[in-house]
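A look at the structure
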Amino acid sequence: MSNYNKSYEVVVVGAGHAGCEAALAAARMGCSTLLLTIGLDTVAQMSCNPSIGGLAKGHLVHEIDAMGGEMGVNIDATGIQFRRLNTRKGPAVRAARAQADRMAYSARMKNVIEAEPLLDLKQGLVDELLVEKNRVVGVRTREGLDFYGRTVVLTTGTFMRGLIHIGLNHYAGGRAGEPSAEGISGSLRAQGFRVGRLKTGTPARLSARSIDFSKLERQPGDKVIKPFSFMTDKIERGQVDCYIAETNETTHQIIRDGLDQSPLFAGVIEGVGPRYCPSIEDKVVRFPEKKSHQSFLEPEGVCGSEMYPSGLSTSLPLDVQLAYFRSMVGFEQVEIMRPGYAIEYDFVEPMQLSASLETRAVGGLFHAGQINGTSGYEEAAGQGLLAGINAARQCQDRDPIIIGRDVAYLGVMVDDLITQPTTDPYRMFTSRSEYRLLLREDNADQRLTELGRTIGLVGDARWQRYLEKQQQVGAATRIIKGGSVTSSNRDIVKKLQLGNLKSGLSLEQLLRRPEINITHLKEFYPGLGDFSAQALEQVEIAVKYDGYIKRQLEQVERFREQENLKIPDDIDYDAIQSISTEVREKLKKIKPISLGHAGRIQGVTPAALAVIQIYLRKQYHA
């Protein structure tokens, strides 16, 4: 073996969405950082859907951006269709989504990484962890090179013992056209980690010139685009259309006839697939009463002709894929450019992590992304950001950053991963948060930008923009709270259809009415026009949902009482009477850091919590 003769503070393995955020965070915090990837041409590759955001996922992107991460800025620069989802619903569940130019997204992220002064990007397939006295000291590549680092962040995606399935044929691969990483799983097992098996899949890619778009429903993007990043003023790229297609009874019959060639139904695939993103054959079998399934047909970029048919991931043989596509309206002459496939891969059960995403078994080793059993670019990027931050802070002899589930979806995700067993790939939903009205996209900067500044990721330009927005929110709030409408304001009364207004209304009371929004008030109170749309949105939400927000804040206070009751590392659970053996074993295994954390562990009952609380107060005077 040979040594590269250069040591790093942080070594990041894998240059997917988790790895990019981890490496950029560590380097921007002042740590010498190495980012190792199997292929230099696949940095931030979009292996599946060429899009960023969506329900709850958009919230994660805004949080990553608010802390100084790169994903939001990158999609704003390379997006080709932007849409706001759930615009008719409450602000807690409104979300941003954008189609990306897949190759432009990857190329721009690679340029950002290569321009970062303290960050080296190198090609190499990691085969082994280098561990001394239960602490990681580096990694060894298949090429025989040793790279040393004080900390290591593993972001292996689907590459650990990746196995690709197309029909009953299968072959090793971490992604179509790329090798799998065969050695790292064994290295992790040798350190005592519990390693499991999961599965995901992707649809075929179709040639745009072989599709009759005139038979499909056009789906344009938003006319007024709201960017992902708090630093983006305007989206400059031209926008494209997507299309809506549907399967039919003939499609479903072709799929049913081909199930004997499906590795999923033939028992060939061992891994558990994503519950909320099933393959088309799964859908046909599980929902036999459905006459059709919708697919959004999305371009992969502006320079190529590949189209992505969302909702139609599959592992059926290529001839069956072609047959069922050609049974769909508009696809009668379609050509498949890349077949759909399923992929099985190893993951490390995330309950073996601490809340900092450092592993408990090996010091200095952090895990982020699909290695933790998650799905999705956004979930991976969020974990990568946190793992990179905490790897850097460990190198700087500083305490880790732990984000609570009352502060961000990032905190909800990590808390879920380390307390709940992984039965299928984890996906973020707004319903996972108890406090989702407080964790909106629009206020991600209010929740996290000060933390990002403290950490060292938020630069002067972003900080100044944040302060200006906060000043505008304060000034606009004062106008709303101080203004009123009386019967003498005839134009306002008439325009807003206020009828016989006798005693007058404050602007705050007026804005609480569902039929009135802050845009209506701008017409009559010119001072409001001086503020940004983002600042006015925050003011409007704060007024309209004031009662609900106060109620959630009260819930958060009760939640924090249990979170603040810390459980010492040296607690002896065997000394606690009246808790079951099952609960005791779970507590020993997961090692919760607080009473609240213990209460979210599956199987830990309220009665057991009460016993633990009494023990803590007696033993530690908590």
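Residues numbered from 1 in each chain as written. Predicted model: local features only at pLDDT ≥ 70, side-chain atom pairs only at ≥ 80, totals over all residues. Heavy atoms only, no water.

**Some thoughts on the domain arrangement of the chain**
Short version of the rule: The domain boundaries here were taken from an automatic or database domain assignment.
Assigned domains within the chain: domain 1 (2-199 + 345-455), domain 2 (205-343), domain 3 (476-549) and domain 4 (565-620). For domain 2 and domain 4, the distance between their C-alpha centroids amounts to 47 Å.

**Considerations on the sheet that holds strand β16 (residues 294-299)**
Spelled out, the test is: DSSP calls a pair of strands paired once it identifies at least 2 bridges connecting them. Numbering goes from the N terminus for both helices and strands, where a helix is a DSSP run of H or I of at least four residues and a strand is a run of E of at least two. Every angle, taken between N-to-C directions, lies between 0 and 180 degrees, and every axis is a line fitted to C-alpha atoms, over only the stretch in contact when it is a helix. Here, residues are in contact when the closest pair of their heavy atoms is within 4.5 Å.
Strand order in the open sheet formed by 6 strands is β14-β15-β16-β17-β13-β18, with antiparallel pairing between adjacent strands. Strands with a single pairing partner mark the edges of an open sheet, and in this sheet they are β14 (217-219) and β18 (336-338). With strand direction ignored, the average angle separating the axes of adjacent strands in the sheet is 35°. This element, helix α8 (residues 318-326), spans β13 (205-207), β17 (306-309) and β18 of the sheet and lies at about 135° to β18.

**With respect to helix α6 (residues 249-257)**
Spelled out, the test is: Any residue under 20% of the maximum accessible area for its type is buried, any over 50% is exposed, and the rest in between are partly exposed; the area is computed with a 1.4 Å probe on protein chains only. Here, the arc refers to the directions that run from the helix axis to the C-beta atoms. Under the rule applied, a polar contact is a pair of N or O atoms within 3.5 Å (in protein, one hydrogen donor and one hydrogen acceptor; residues adjacent in sequence only if both atoms are side-chain atoms).
When we look at burial in α6, the residues that qualify are Thr251, His252 and Ile255. Along the axis of α6, the buried positions cluster into a sector of 95°, meaning they face one direction only. On its buried face, α6 sits against α7 (280-286) and α8. Capping the start of α6 is the job of one residue whose side-chain oxygen sits 3.0 Å from the backbone nitrogen of threonine 250: asparagine 248.

**Things to note about the environment of histidine 597**
Relative to the helices and strands, histidine 597 resides in helix α19 (residues 595-599). Exposure remark for histidine 597: the relative accessible area of 3% places this residue in the buried category. The spacing of histidine 597 and aspartate 415 is 182 residues in sequence and 7.9 Å in space, taken between C-alpha atoms. With near-sequence residues (within four places) excluded, histidine 597 lies in contact with Asp415, Ile418, Thr419, Glu563, Ile590 and Pro592.

**A closer look at the packing of aromatic side chains**
Rules: Ring pairs shown here join Phe, Tyr and Trp side chains whose ring centres sit within 6.5 Å, with only the six-membered ring taken for Trp; geometry is labelled stacked below 30 degrees between planes, edge-to-face above 60, and tilted in between.
This structure, assessed with the given rule, holds 7 aromatic pairs. Ring centres 6.3 Å apart and planes at 35° place the aromatic pair phenylalanine 325 and phenylalanine 331 in the tilted group. With respect to class, phenylalanine 325 is no different from phenylalanine 331; both count as buried. The interplanar angle of 50° and the centroid separation of 6.4 Å between the aromatic rings of tyrosine 545 and tyrosine 548 together place this pair among those described as tilted. Looking at tyrosine 545, the relative accessible area reads 23%, which means it is partly exposed.

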